[in-house]
Amino acid sequence: MKNLIEKAVSTHSLTREELILLLRDSACDSELFAAADDVRRTYVGDGVHLRGLIEFSNFCRNNCCYCGLRRDNRNIFRYRIDEETIFRLVEHAVTHMGLKTIVLQSGEDLYFTQEKLCALIRRIKTLDAALTLSIGEKTAEEYQAYKAAGADRFLLRIETTDKKLYLENDPGMNWENRVECIKNLKKSGLETGTGVLVGLPGQTIDSLADDILFFKSIPADMIGIGPLIPHPDTPLARVPAGSFRLALKVMALTRLLLPAINIPATTAMETLETDGQIKALRAGANVIMPNVTLTEYRRFYEIYPGKSATGYTPDESLSDVKKRIEAIGRFAV
Ligand code: SAH
Ligand code: SF4
């Protein structure tokens, strides 16, 4: 097992079988996390990128079985922040909080047409900040238009590369189309982020190995790994939560195979485990996305329970976040 970790550190490649062995066996987990930490330091350094997250709409046309924003959830107050307010939130995060990247995330909300989004992107780009979008499946032309308007990055998780599992959990959606969207993002020139959920019912270790190989095949510029956290108003209300350790292992292996990419310590990790994000920063992660949705709506963006109460938030001042990062010998950028 140690030899496999050494091989991954020096060659940044592992076969499917080798990935499965490392994911199955837990004897060398601490060596794996330490190796991912070393590779992270060598390739992307000790800086932790802070990206301010604005959740601007919780309307969604999709019905993903795991997500609290799913169309059929009637037990949720739907909101949409208008363009002017979104711009003010971005401006505040950039000029007062000193954040250099903003992430605009939402459900798949058709109110925000290409025209509206491009106008908003152009306006935001008058500020000195990089812009990431995480707004779901769009056409190749739309992705190209966001890029032309000035967007820098886009996040669209594949969720799982197990097609059968995907179809069970994302009714009405099409796995091939999701892959096509990720490829179109890459072609558009946007930095492309993807990722998976760990803990979908029926998900196998073998399929997690395939997920990691999928990230490499794109190749992805960013990877977000989130343990599944069951939401009471969804069909997955009663399934067990995903394993924090397994999610951390998928993340660490991703760092070994894609050494120079950006990997967030996700809020779902913090929700599931005390100091989950710090543990992730020490096992390969180099990004944190503090929530800067400073509105009364924030609590309604409940993809999973506990989301809005945990993770780095503006309630905990940004200087506290920086202190926690510095306490492990790192620094915020
Ligand atoms: N609508 C966009 C962006 C918002 S959802 C999209 O789907 O791409 C962002 C991510 O939240 C999803 O990709 C999914 O992986 C994650 N998510 C949804 N429900 C979750 C749950 N119950 N536990 C953990 N993560 C979840
Ligand atoms: Fe909508 Fe994204 Fe939630 Fe699916 S995961 S229901 S697309 S917000």
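Only a predicted model underlies this, so the values are computations on that prediction, with no experimental measurement involved.

Novice: Sorry if this is basic, but what is going on with helix H13 (residues 318-326) here?
Specialist: Since the α-helix turns once every 3.6 residues, residues separated by three or four places project in the same direction. Regarding H13, the residues found buried are Leu318, Val321 and Ile325. The buried residues of H13 all sit within an arc of 55° when viewed along its axis, so they share a single face. In the core, the buried residues of H13 are packed alongside strand E1 (47-57), helix H12 (276-281) and strand E8 (331-332).

Novice: I tried to follow the site of ligand 1 on my own but got confused; where do I start?
Specialist: Taken together, 17 residues lie near ligand 1, and Tyr66, Arg157, Glu159, Ile229 and Ile303 sit nearest. Tyrosine 66 is positioned such that a nitrogen or oxygen atom in its backbone is 2.9 Å from a nitrogen atom of ligand 1. Between ligand 1 and the protein, one listed contact pairs an oxygen atom with a side-chain N or O atom of arginine 157 at 2.8 Å. Taken by itself ligand 1 offers 540 Å² of open surface, and the protein chains cover 92% of this. Among the detected pockets, ligand 1 sits in the largest cavity. Per-class residue counts for the shell around ligand 1 are ten nonpolar, four polar and three charged.

Novice: What am I meant to see in the site of ligand 2 here?
Specialist: What surrounds ligand 2 is the set Cys60, Asn62, Cys64, Tyr66, Cys67, Leu69, Arg70 and Gly107. Residue classes in the shell around ligand 2 are distributed as five nonpolar, two polar and one charged.

Novice: What's the story with empty space enclosed by the protein in this structure? I'm lost.
Specialist: To locate leftover empty space, one rolls a probe as large as a water molecule over the atoms. Taken as a whole and assessed by the stated rule, the structure comprises four cavities of 30 Å³ or more. Put simply, the largest cavity is a space of about 1000 Å³. Around the largest cavity sit 49 residues that line it, and Gln105, Ser134, Arg157, Glu159 and Ile303 are the ones nearest its centre. Looking at the lining of the largest cavity, the elements that each hand over two or more residues are E1, strand E2 (101-106), strand E3 (130-134), strand E5 (191-198), strand E6 (222-227) and helix H11 (267-272). Broken down by element, the residue count for the lining of the largest cavity peaks at five residues, all from E6.

Novice: How should I be thinking about the nonpolar core in this particular structure?
Specialist: As a rule of thumb, nonpolar side chains are buried together in soluble globular proteins. Counting residues in each nonpolar core, the largest one holds 109 residues, and the members touching the most others are Leu104, Tyr146 and Ile225. Here this core takes ten residues from helix H10 (residues 244-257), the largest share from any one element.

Novice: Would you mind going over the environment of histidine 96 with me for this structure?
Specialist: Mapped onto the elements, histidine 96 comes out in helix H4 (residues 83-96). Judged by its relative accessible area of 62%, histidine 96 is exposed. Along the backbone, histidine 96 and histidine 49 are 47 residues apart, and their C-alpha atoms lie at a distance of 17 Å.

Cut-offs applied
- Residues numbered from 1 in each chain as written.
- Chains lettered and ligands numbered in written order.
- Predicted model: local features only at pLDDT ≥ 70, side-chain atom pairs only at ≥ 80, totals over all residues.
- Heavy atoms only, no water.
- Buried < 20%, exposed > 50% of the residue type's maximum accessible area, 1.4 Å probe, protein only.
- Helix = DSSP H or I, 4+ residues; strand = E, 2+ residues; numbered from the N terminus.
- Arc of directions from axis to C-beta.
- Contact = heavy atoms within 4.5 Å.
- Near = heavy atom within 4 Å.
- Polar contact = N/O pair within 3.5 Å; in protein donor to acceptor, adjacent residues only side chain to side chain.
- Areas by Shrake-Rupley, 256 points an atom, 1.4 Å probe, with all protein chains shown as cover.
- 1 Å grid on protein atoms, 1.4 Å probe; cavity = no way out; pocket = protein on both sides within 12 Å on 5 of 7 lines; lining within 4 Å.
- Sits in = over half its atoms within 2 Å of the grid points.
- Nonpolar A, V, L, I, M, F, W, Y, C, P; charged D, E, K, R; others polar.
- Points joined across faces, edges and corners; volume = space filled by probe spheres on them.
- Core = buried A, V, L, I, M, F, W, Y, C linked by side-chain atoms within 4.5 Å.

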